[in-house]
Structures are given as structure tokens and as C-alpha cells.
Amino acid sequence: MGILTGRKVLMALLCIGLWLTVVDIGPLSADQAVSYRLKWLINMSTVGDVYAEAQGLFASEGLTVALKPGGPERDAIRELELGHADFGVASADQVIHALAKGSPVVVLAQLFQANPLQWIYFKDRVQIDTPADFKGKTVGVTFGKNDEIIMRTLLARAGVPESGVRLYSVRLDYTPFFSGRADLWPVYINSQGVEIGQRLEAAGERIAFFNPEAHGVRFVANSVVTSERLKSERPELVERFLRALLAGWQSAVDPANTETALAAVRQYDRDTTLEVLRAQLEATRPLIQSPGGPAVGYIDIAAWEQTEAMMRQYGQIDRAVDVGRRLRKP
Amino acid sequence: MLLRRIYQFLMIYLLGVLCLLVIKVAADLSDYVIPGIDALWLSVRDVGWRYVVDVLDTLRVAVIGQVLSIGMALFIGILGRQATWFGSFIKVAAYNVQAYPIVAIAPIIFILLGDGFVSRLLIAAMICYFPLLLSVVGIMSQPIPDVEHFYRQTGRMRWQLEVKIRSFENLSKLTTVIVGSATLAMAGTIVAEFIAASAGIGYSIRIALYQSDLAKILVALFMIGITLSIYQGILEWVGSAVKKVWAR
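Since this is a predicted model, take the numbers as computed values, not measurements.

Participant: An account of the overall build of chain B is requested, with residue identities and associated values reported.
Facilitator: The helix and strand inventory of chain B stands at 10 helices and zero strands. In sequence order, chain B lays out its α and β elements as α-α-α-α-α-α-α-α-α-α. A principal-axis box enclosing the C-alpha atoms of chain B has dimensions of 75 × 45 × 30 Å. Taken over 248 residues, chain B has a buried fraction of 47%. By sequence separation, contacts in chain B at least 24 residues apart represent 73% of the contacts at least 6 residues apart. Carbon and sulfur atoms provide 72% of the accessible area of chain B, an area that totals close to 12,900 Å². Mean positive and mean negative side-chain charge positions of chain B (20 and 14 charges, respectively) differ by 13 Å.

What follows is the structure in C-alpha cells.
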């Protein structure tokens, strides 16, 4: 009898477990739960995302947002298609790669109006004023990533043959750059650029950054993406999410909210000192919204088209994807 | 033996690809998430030969790393086989070195030694050394009383003879361990290349990952699998040949 009761209890538990796994019981709270996959670990490049979360901007739109940090092994676009995420952050090259392979991804907003990717160099070692000055230099690039395409475009436009430059494979540490094996090294100007720049300057080094955008090469960086299905089936959800997110970014880069923005990032990034975070926020602001520039989240169609053209030119995609059609219209 | 390993690998690989294709069709996924047959074929055409060269480069490092770790494991295993204080010290030291995960040590190795051949070799050797050591210590510490008794009673036992007896009696075990460690050496080299090197199939996988190109990764997995199967088949054949020669 005891065994029978035990079996019945076990069966009941199994049935409940099965029911819970197959039936979508919806969010436990009244808010709509959505999942948002970031491109990288939470740092200053995600300040608007964490600000919106910390300040309850998502909640005020009736959303409970699970912010998921990204990383090299994470791909927001794949997660959108597999249903593991509702929204995500991806760079333009990821979006264009995905479109070339038939992924139904759409771009909702462009977070970075200027690409933070630049090349750091020691002023006492090299003098780089134009891309033509790369001739004879050793330049760090991450083969397969967008900095490789940007560098190849710069060289082609400057008429520098690839044999005239030594491309050095970038790896996880900066030793080749510090030791002089590479003359230039790619960094994100608002994160590593600040941190390493401060350290080198404290050590008495004179450093500078080479900005590809200043020489006409515009390659779009982080943007907010979702699936075409969600956009067409739940437009109101997409609008609510986007409203809260862009409000978060708008407020986060407002100098009046500096301390709140720093506190939001510091919740996750405890290893970076407050001074460095402050300088990183300062460096992030003009990338998100320049004075007199377009609104936060503005999608620069011309820059997207240039990005696609560069990727085609260097064989990153084998067909045109007409990326303009996949960008959200204002 | 060699053929069996190759067709077993082909079966497993094809089953894996088939499963992916079933998921692709069932869930209506794009080529970006799971590549179709045509995308796979295009990748084979684009990078197939390059990946063959890369995987052979990786295998070269893995084989040298494995030979080094076999030598190291035999040396430490023979030293540590005796139940003396020194034997125990050697074992504890060897175990402690292995307590640190290689991914934590790898960046230090790359910073100190650069991203060239030596770093890849060292990491490959470190990853496959410990399981080898455990087996060698186990085998070498286990007396073969039936055989050893005679030599001990007649006062003719020397350490070289003891090692020879124990190796011969456990040759099948040793061969299995060495064949298994080939996988670890290959995995170690690929991990090293993936983390920081600038050559080999691990490095190519990293680039494919940056490009979100699963088709290239599947091609790389095929190259790794088939190369490893052939290498393991050859090791097994060498092991059985050695046994035959020794048994004469």
C-alpha cells in the first residue's frame, strides 16, 4: 500500500514536471518577460542597457527584462532564431553575415553612432597621420573580425598594397604591442583605450589613436536586433522594449546622470576602478550621441550600406543582402 | 583496425550532421544557425585544402607533445613506482602541478613564451601528460609476483628488469592509454591554438567562430576527426606489432 502511494506521488510529480516543461505558463509576474542577449560582458559599452534595467525603465513599460551578458561564444542572432532570446545586440558584420545566410533578423536601433574600434600606437615609435603611413608598419588585426575588414579597406583606399604592411594576428594580451613587435594595436576607444591609455600615460608614454572613421571608413558597430517574426507578430512589445531601452541610453549618456550611470555599470563590473569607469563613460558619450547629431538609436543607412559593400569586397559575404530593407524605419 | 576506426568515425560524423539537418528542417532554421548541405559543400571547396594543411600542422605539434609526455610520464612513473618517501613525493608533486586547469595557465604560457610552436607544444604535453602518468604509475607500482619472485629469490632483479616485466605484462593497457592520450594531445593543441596561437586548426576554428560560420567549423571537425582516427589506428597497429616482436 505504502509502495502504491509512493508510486502515485511519483507519477503525479512526473506529470506536473512534464506539464511544466511543455506548457508555457507565462511569466509569474504581471509584466511581460523578455530576454535580451548583449554582445559582450557588461561594461561601459552596455551602460544604457543596465541603466534602463536599474532605473526601472523596462518595468515602467510593463516588461521584465533578463539581461544576459554576451561573449565570444554567444551569438544573439542565433539565439533569436532558436527562441532563446527576444532581443539582442549584434554588430553590423554579424547582422550582414546572418542575412547572407537567410536569417530573418531585423535591426531596431543603432546604439553606436561611431564605431569605437580604433588603433592605438606609441607616438615616439611611429607617426600615423593618414592610412598611407601604415606602409612598412606592423599592424595588429583580429583575423576574421571586423577590424581586419576595416584595416584592409583603409589600406586599399590609401593605395597601400597588402605586401607593404605586415598584419599581425591579435591575441588576448597586449605584449606584442608593448614590446614593439606590433606598431599599432586595435582597441575599443571607450573601454580598453581608456584603461590602457591611462596606464601608459602614467608610465610616461605618449600614445595616440588612429580613427578609421576620420578617414572615411564607416563600419557600423553595436545595434539592437530582433527576429522578423517578433517584429511582425508583437509590434507593440517591440515598441515598448525599444522605448525603454533608448530612454535608458539617452539618460545614461546625459552628464546629469553620471553617478547613476556609473552605479548601474559598477553593479556588474566590480574590477574596474571608479576613475576608469568615469573616463570610459566620458569616452562613450560621443559614440552614442554627438552634440547636434542624430537622436540616440538613429540608424545610419549609408553607413550600413558601406559596411555591406566592404564585406562584399573582401569576400565576407558571397551575395548582396540589401541590408537597408532590414533596418527599422523611423 | 585502421579501417574500422575510419568507418566508425564516418558513421558518427554523418549521424551528427544528419541530426543537425533534421533539427534545421524541423525548426525551419536558416543556414546561419545550421548550414545546409550546399553551404557545407561550398565550405569544403573554399577551405577544405587549407584545413587539411592546418590539421596536419596541429597533428605535428600534438604528436611531438604526446611523445614528450609519454617520456615524461614514463620517467616520473618509474621514479614514483616505489613505495619510498621519494616515490611518494614525486607522485604528490606531479598531481599538484596538474591541479591547475590548463585554461588558467595557458595565458601565462603565451605571455612568457609567445604564440608560437613552443607554447602550443607545452600545452599539448601538459594536457595529455597527467592521464598517462596516472596509468604509468598504476602499472609500474603493481608487482607481477609470479615472474618477479624468481628474479628476487635468485638476486638477479634490477630496476630495468622490473620495469621491463611490468611493461610487458601490461602492454595492452599501455597501448590503450597511449592511443587515448593521442586524443588528449590533439585536444590540448587545438585548445592552445584556439586561445592564442596564430596557426593550426584551432586558430582556423577561432576565425570561423568570429565569422559565425558553422559550416567551416563542421568541416574543421571532420578534418580533426578523420586525422585523429587515422593516427589512433596507426598507434594501435604499432602497439600490436611491438607486442608481437616482444613476445618472440
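Alright, that's what it looks like, and here's the rest.
Participant: Requested: an account of the sheet that holds strand β4 (residues 105–110) of chain A, with residues and values cited.
Facilitator: Either a parallel or an antiparallel arrangement is found when strands of a sheet pair, and the pairing is made through backbone hydrogen bonds. Residues and elements named next belong to chain A. With mixed pairing, the five strands of this open sheet are ordered in space as β2-β1-β3-β10-β4. Looking at the sheet topology across the chains shown, the edges are occupied by β2 (63–68) and β4. Between one strand axis and the next, the sheet turns by 30 degrees as a mean value, whatever way the strands run. Sheet analysis places strand β1 (residues 32–37) next to strand β3 (residues 87–91), joined by two bridges and oriented parallel. Looking at β3, one finds that R37 is bridged to G88.

Participant: Talk me through empty space enclosed by the protein; I want residue IDs and the actual numbers.
Facilitator: All names here are of chain A. All chains considered together, the criterion is met by four cavities of 30 Å³ or more. Along its surface, the largest cavity is lined by Q110, F112, Q113, A114, N115, E213, R218, F219, V220, A221, D300 and A303. Here the residues of the lining of the largest cavity are counted per class, giving six nonpolar, three polar and three charged. Of the voids in this model, the second largest cavity is the one considered here, and its volume is about 40 Å³. Lining the second largest cavity are N115, L117, I150, N211, P212, E213, V217 and F219. Looking at the lining of the second largest cavity residue by residue, the class counts come to five nonpolar, two polar and one charged.

Participant: Account for the nonpolar core, with residues named and values stated.
Facilitator: In this structure, V95, W119, F134, M151 and W304 of chain A are the most contacted members of the largest nonpolar core, which totals 48 residues. Broken down by element, this core gets its largest block of residues, six residues, from helix α5 (residues 92–100) of chain A. Two domains each put at least three residues into this core: domain 1 (32–114 + 220–326) and domain 2 (117–215) of chain A. Residues contacting W304 of chain A, with those up to four places away along its chain left out, are A92, V95, I96, V107, Q110, V220, S223, I299, V323 and L327 of chain A. In this structure, F9, V55, A94 and I205 of chain B belong to the second largest nonpolar core, which totals 46 residues.

Participant: So what's going on with the side chain of Q113 of chain A? Residues and values would help.
Facilitator: All names here are of chain A. Mapped onto the secondary structure, Q113 falls in the loop between β4 and β5 (117–122). Taking relative accessible area as the criterion, Q113 reaches 18% and is therefore assigned buried. When neighbours within four sequence positions are excluded, Q113 is seen to be in contact with E213, L287, I288, P294, A295, G297 and Y298.

Participant: Give a detailed account of the interface of chain B and chain A, specifying residues and quantitative values.
Facilitator: Facing 23 residues of chain B, the contacting portion of chain A comprises 24 residues. In total, chain B and chain A occlude about 2,000 Å² of area from one another, counting both sides; carbon and sulfur atoms represent 57% of this. It is Y32, Y210 and Q211 of chain B in chain B that bury the most area against chain A; as a group they hold 34% of the surface buried on that side. If you look at where chain B meets chain A, you find one salt bridge. Two residues, K101 of chain A and D213 of chain B, come together in a salt bridge whose shortest N-O distance is 3.4 Å. Those elements giving two or more residues to the side of chain B that touches chain A turn out to be α4 (102–113) and α9 (201–210) of chain B. Here the side of chain B that touches chain A takes five residues from α9 of chain B, the largest share from any one element.

Participant: Break down unusual backbone geometry for me, with residues and values.
Facilitator: Positive phi is not limited to glycine here, since D322 of chain A has a value of about 50 degrees. If you trace the backbone, D322 of chain A turns up in the segment after α13 (301–313).

Participant: Residue-level account of α9 of chain B, with values.
Facilitator: What sets the pattern is the α-helix's 3.6 residues per turn: residues three or four places apart point alike. With eight of its 10 residues buried, α9 of chain B lies for the most part within the structure. Within α9 of chain B, the full set of buried residues consists of I201, G202, Y203, S204, I205, R206, I207 and A208 of chain B. Against the buried residues of α9 of chain B lie β7 (166–169) of chain A together with α2 (37–79), α8 (171–195) and α10 (214–247) of chain B. The first or second residue beyond α9 of chain B is S212 of chain B, which carries a positive phi of 55 degrees.

Participant: Could you give an account of the confidence of the model for chain A, with specific residues and numbers?
Facilitator: Regions with low pLDDT should not have their predicted coordinates read in detail. The pLDDT averaged across chain A works out to 88; a share of 91% of its residues lies at or above 70. Ignoring residues within four places in sequence, the model shows residues 21–29 of chain A, a span with pLDDT below 50, making five contacts including any to other chains.

Participant: Can you tell me about the pairing of strand β10 (residues 222–227) of chain A, naming the residues and giving the values?
Facilitator: Residues and elements named next belong to chain A. Most of β10 sits inside the fold, with six of its six residues counted as buried. Both β4 and β10 contribute to a ladder of five bridges, which runs antiparallel. Across the sheet, V107 pairs through a bridge with V225, a residue of β10.

Definitions and cut-offs
- Residues numbered from 1 in each chain as written.
- Chains lettered and ligands numbered in written order.
- Predicted model: local features only at pLDDT ≥ 70, side-chain atom pairs only at ≥ 80, totals over all residues.
- Heavy atoms only, no water.
- Helix = DSSP H or I, 4+ residues; strand = E, 2+ residues; numbered from the N terminus.
- Buried < 20%, exposed > 50% of the residue type's maximum accessible area, 1.4 Å probe, protein only.
- Contact = heavy atoms within 4.5 Å.
- Areas by Shrake-Rupley, 256 points an atom, 1.4 Å probe, with all protein chains shown as cover.
- Lys, Arg positive; Asp, Glu negative; His and termini not counted.
- Charge placed at Lys NZ, Arg CZ, Asp CG, Glu CD.
- Pairing = 2+ DSSP bridges.
- Axes fitted to C-alpha atoms, helices over the stretch in contact; angles between N-to-C directions.
- 1 Å grid on protein atoms, 1.4 Å probe; cavity = no way out; pocket = protein on both sides within 12 Å on 5 of 7 lines; lining within 4 Å.
- Points joined across faces, edges and corners; volume = space filled by probe spheres on them.
- Nonpolar A, V, L, I, M, F, W, Y, C, P; charged D, E, K, R; others polar.
- Core = buried A, V, L, I, M, F, W, Y, C linked by side-chain atoms within 4.5 Å.
- Domains from an automatic or database assignment.
- Buried area = accessible area lost by both parts, 1.4 Å probe.
- Salt bridge = Lys/Arg side-chain N within 4 Å of Asp/Glu carboxyl O.
- pLDDT = per-residue confidence, 0-100.

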